[in-house]
Every structure is written in structure tokens, then in C-alpha cells.
Amino acid sequence: MSHPPPGPGQGSTWLRERPPRWLPRAVLWAVLVTFALYAAWWAAIRLHDLLVILLCALFVGFAIEPGVNWLARHGWHRGMATAAIYLALIVAVVVLVAAIGTLVVDQVVALARSLPSVVTSLADSLDQQFHIDLQAELDKLVGNLGSLSTTIASNALSIGATVVSSIFNVFTVALFAFYFAAEGPKFRRAVCSVLPPVRQHLVLEVWETAISKTAGYLYSRTLLAAASALATGAFLALIKIPNALTLGIFVGIISQFIPTIGTYIAGALPVLVALSISPGKALAVLAFVIAYQQFENYFLTPPLSARTMELHPAVAFGAVIAGAALLGAPGALLALPAVATIQATVSSYVQRHELVESEMLVTPVSARRAAREASNSGAAGPPVPDLEGGPET
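Given the structure is predicted, the values throughout are model-derived calculations rather than measurements. Each chain carries its own residue numbering, running from 1 in the written order of its sequence. Note on the predicted model: pLDDT of at least 70 is required for a residue's local features to be given, and 80 or more for side-chain atom pairs to be given and counted; whole-chain, interface and lining totals, by contrast, use all residues. Here the side-chain values reflect all heavy atoms present in the structure, with hydrogen atoms and water set aside.

J.: Give me the lowdown on the pattern of salt bridges, citing residues and values where you can.
T.: Each salt bridge in this description consists of a side-chain nitrogen of Lys or Arg and a carboxyl oxygen of Asp or Glu lying within 4 Å of one another. Scanning all chains against the criterion turns up 2 salt bridges. Here E65 and R78 are joined by a salt bridge, their closest N and O atoms 3.7 Å apart. With E65 in helix α3 (residues 48-73) and R78 in helix α4 (residues 78-130), this residue pair connects regions lying 13 residues apart in the sequence. R78 shares its class with E65; the two are buried. For R188, the salt bridge is made with E65, and the minimal N-O distance between the two is 2.8 Å. Linking R188 in helix α7 (residues 184-192) with E65 in helix α3, this pair joins segments that are 123 residues apart in sequence. Numbering of helices and strands runs from the N terminus, with a helix taken as a DSSP run of H or I at least four residues long and a strand as a DSSP run of E at least two residues long. Burial classes: relative accessible area under 20% of the type maximum marks a residue as buried, over 50% as exposed, and values in between as partly exposed (1.4 Å probe, protein chains only).

Shown next as C-alpha cells:
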């Protein structure tokens, strides 16, 4: 049965109600993009641990590649150069662990022997000076030791699995980092071969900036570790704590190269050693660790971060917090070189403009000093803004 052709008014209405030709294709693309994003998110969640391992390996590769390049320029094969750097790091770690491990075992044994007398002395001192009776709390603590040992024994399997998993992750990071450093030029050629020349220049520039910023980060961490080791060792020697130099080196390395909790791990050992001597010295060491940490956070770390990585202290502090929130301890470790690389790359492509004249863009103290220097030299300086109101002449 044939339909009559639409009239003039009906035809125009029919054309207006017909969907545009691009709509089905747009809907199809929207469905495909949504599915692709969901698949990428699903894969990222499932491969989270592997992605973190690759990021850590890339960071380690960036850190050791300057040394590998230096050895390669002196005739070394890149694989042998990387292996030599790995061997030097392993020897340093073994020596440090041997020295610190022996110290820890000795101090734990000494503390276990002197713990009853130390606890008794502390309880008597608190009872005499502050009228605090610790006997009930000590009895409760002794009663809880049995349940604590039972809990530890029941969780021994999971603790052992965690340790094995951590060791496996460390070896996996080391393996990937070895290939990133030893075959760096080959890896970069493989990446650049699928990009146009303009994009190749951008990738190589970002890669070089990442290596530079990572080296700057390690340089600043090394300087902070040396300063912490010297200060802690000197203080421990001053109050006559044994093995002051070894403890200072331990505090310097652990506090700087283990993110987030490194400070607490580093400070625990010297406090433990001091506690085996007297509670008063343990409190003194604890107070020094806390005070030095604040001094480092406010006076040492900001200028070093600004100079070695060209990061504002507030940006560096926020980057560490964000990295720890996203990826935990690895994120806190990778945050500073990553943000420094992003900032350096973006700043090279951001167009700068001439500033307008405004009192809000001038630091009054600096402007006054500039005007004073200009007047001393006999030059007429520009008007200097005053805190009180109008411009100073």
C-alpha cells in the first residue's frame, strides 16, 4: 500500500524530525571510547603493582644512567658499566647492613640484659617525682606478652609471604632498571622510531630533563644524609653514646632514602642504644632527633630542593604528600623528580609576557633596598611603593 507524498508543510516537518546523519557515528564513537576507558581503568587496577615497579625501575635507571654514560665514554660496554655500578651499590649496602646489623644485635642483647633495671629505675623515678605508679601497667604489659607472641606466631606465614614478596619486588625493580640503564639508547631509539621528528625532539628533551632532575634529587638527598650523619654523630659523641659515627651514618642514610617512615626508623636505633645506658640519655637523643628533623624540614631541605631541582619548597612539600597519597612510599620517593621534570618541561613551552605595573607585583622591602642602592650610586630610581599607601619618591 503506497503512502501519499507529504504536503508542503508535512515534508518540512518530516525533514526537521529526521536525526542528523552524524548522530549514529557519534554515538558509536562515544560507546567505543567509554569501553576503552573502562578497559584501561580495569587493566590499571589489575596491573597496579607492575606499573609501580616499572616507575621505580625507571627512576633507578635515570639515577644510575649518568654514571653508566660516564663509564661508556671511557670505553666501557654499557652492560659492564651498569653491572659495575650495581656491584658498587651492593658492596656499600652489604657493608652498611653488616655494620648496622652487628650494632643492632649487640644493642638488643645489651638492652634485654639491662631492661629490668632500666624499667625499675624509671618506675621509681616517676613514682618519686610525679607520684605515678607503673606497677599495674607493667603487670598488664607482662600479661599481654603471651597474647602478643601468639598473634605473631599465627601471622608468621603472612609476614613471611610479605617479606618474600618485597624481596621479589626489589629484584624485579633491579632487573628492569638494569635494562633501562644498559640499553638506554636502544630503548629511546625504539620509542622515537614510531614518532614524527617533532615529537622525537620533545621525548628526548623530556627524557634528558628527567635524568637531570633525578640526579639533582639524589645529589640533594646525599647532601642531606651527610649533614644528618655529621650532626647526629657529633651529638651522640657529645653525650658519650657508643658507636656514635656508625649510628650517625645509619640515621643519615635511612632518614633520607626511605620515604615517609625513614625518619622514625632512623631515630629508633640511637634512642634504643641510649636507653640501654640510661632513660635520660634516651630522652635527650629523642629530643635531638625531633629538633633536627624540624631544622632540616624548614632550613635545609627547601633551599637544596630549590637549587638542585628548581622546585619551590611549597611545591616540593605538596608533591611528596600527593605522591604518598597516590602510590604510598614509592610515590613519595618519585614525587620530587617527577614534578621537577614536569615543571621544567612545561615551563620551556609556556610563553612569558611582560608584567604590568602594579604595587602588588613588588616586594616593598626589596624595592626600598633597590631605591636606596640607586640613590647611593647617584641614579634616579623608579617610585617605590609604600606599605602605608602611595608611592615613595
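J.: How would you sum up the packing of α3 against helix α8 (residues 197-238)? Please name residues and give values.
T.: In the contact formed by α3 and α8, the axes pass within 8 Å of each other and the chain directions differ by 85°. With respect to their mutual orientation, α3 and α8 come out roughly perpendicular. Along the contact surface, α3 presents F59, F62, A63, E65 and P66, while α8 presents W207, A210, I211, T214, Y217 and L218. Charged residues are taken to be Asp, Glu, Lys and Arg, nonpolar residues to be Ala, Val, Leu, Ile, Met, Phe, Trp, Tyr, Cys and Pro, and polar residues to be all remaining types, Gly included. Its residues assigned to classes, the contact of α3 with α8 shows 9 nonpolar, 1 polar and 1 charged. Between N-to-C directions, angles cover 0 to 180 degrees, with each direction set by a line fitted to C-alpha atoms, over the stretch in contact for helices. Convention used here: angles under 35 degrees read as roughly parallel, angles over 145 as roughly antiparallel, angles from 65 to 115 as roughly perpendicular, and any remaining angle as oblique. Contact criterion: two residues are considered in contact whenever any of their non-hydrogen atoms come within 4.5 Å of each other.

J.: Explain helix α9 (residues 244-257) to me, and be specific about the residues and the numbers.
T.: Here a helix's expected span is defined as the number of its residues, less one, multiplied by 1.5 Å. The end-to-end C-alpha distance of α9 is 20 Å, a good match for the 20 Å that 14 residues give at a rise of 1.5 Å each. Within α9, burial applies to A244, L247, G248, F250, V251, G252, I254, S255 and Q256.

J.: Describe in detail the packing of α3 against helix α13 (residues 329-347), supporting the description with residues and values.
T.: Contact geometry for α3 and α13: axes closest at 11 Å, N-to-C directions at 45°. Overall, the two elements α3 and α13 adopt an arrangement that is oblique. Note on packing geometry: the crossing formed by α3 with α13 is left-handed. Along its contact with α3, which presents V52, L55, C56 and F59, the element α13 presents P330, L333, L334 and P337. Residue composition of the contact of α3 with α13, grouped by class: 8 nonpolar, no polar and no charged. In this scheme, a crossing is called left-handed if the near helix is turned counterclockwise away from the far one by less than a right angle; it is called right-handed if the turn is clockwise.

J.: Quick rundown of the nonpolar core? Include the residues and the values.
T.: M309, L311 and L336 are the most contacted members of the largest nonpolar core, which has 24 residues in total. Among the secondary structure elements, those contributing two or more residues to this core are α3, α4, α6 (156-182), α12 (313-327) and α13. With 8 residues, the single largest contributor to this core is α3. Beyond its immediate sequence surroundings of up to four residues, L311 is in contact with S305, A306, A316, L336, V339, A340 and Q343. Among the buried residues, those of types Ala, Val, Leu, Ile, Met, Phe, Trp, Tyr and Cys that are joined through side-chain atoms within 4.5 Å form a nonpolar core. Counting residues in hydrophobic clusters, the runner-up holds 21 residues, among them L236, I241, F250 and L269.

J.: Which residues make up the packing of aromatic side chains, and what values do they have?
T.: To pair, rings of Phe, Tyr and Trp, with the six-membered ring standing in for Trp, must have centres within 6.5 Å; the planes then decide the type, stacked if under 30 degrees apart, edge-to-face if over 60, and tilted in the middle. Across all of its chains, the model carries 10 aromatic pairs by this definition. Look at F59 and Y217: their rings are 6.0 Å apart centre to centre, the planes differ by 65°, and that puts the pair in the edge-to-face class. Remark: Y217 occurs in helix α8 and F59 occurs in helix α3; sequence separation between them is 158 residues. With a centroid separation of 4.3 Å and 5° between ring planes, the pair formed by F235 and F288 is classed as stacked. Here the residue F235 occupies a position in helix α8, and F288 occupies one in helix α11 (residues 279-308), the gap between them amounting to 53 residues. An identical accessibility class is assigned to F235 and F288; each is buried.

J.: Tell me about unusual backbone geometry, and please be specific about residues and values.
T.: In this structure, K240 is a non-glycine residue whose phi angle is positive, near 65°. Taking relative accessible area as the criterion, K240 reaches 64% and is therefore assigned exposed. Phi at N243 takes a positive value of approximately 55°, unusual for a residue other than glycine.

J.: Quick one: what's the story with the side chain of T209, residue by residue and with numbers?
T.: Mapped onto the fold, T209 is located in helix α8. When near neighbours in sequence (up to four residues on either side) are disregarded, T209 contacts T341, A344 and T345.

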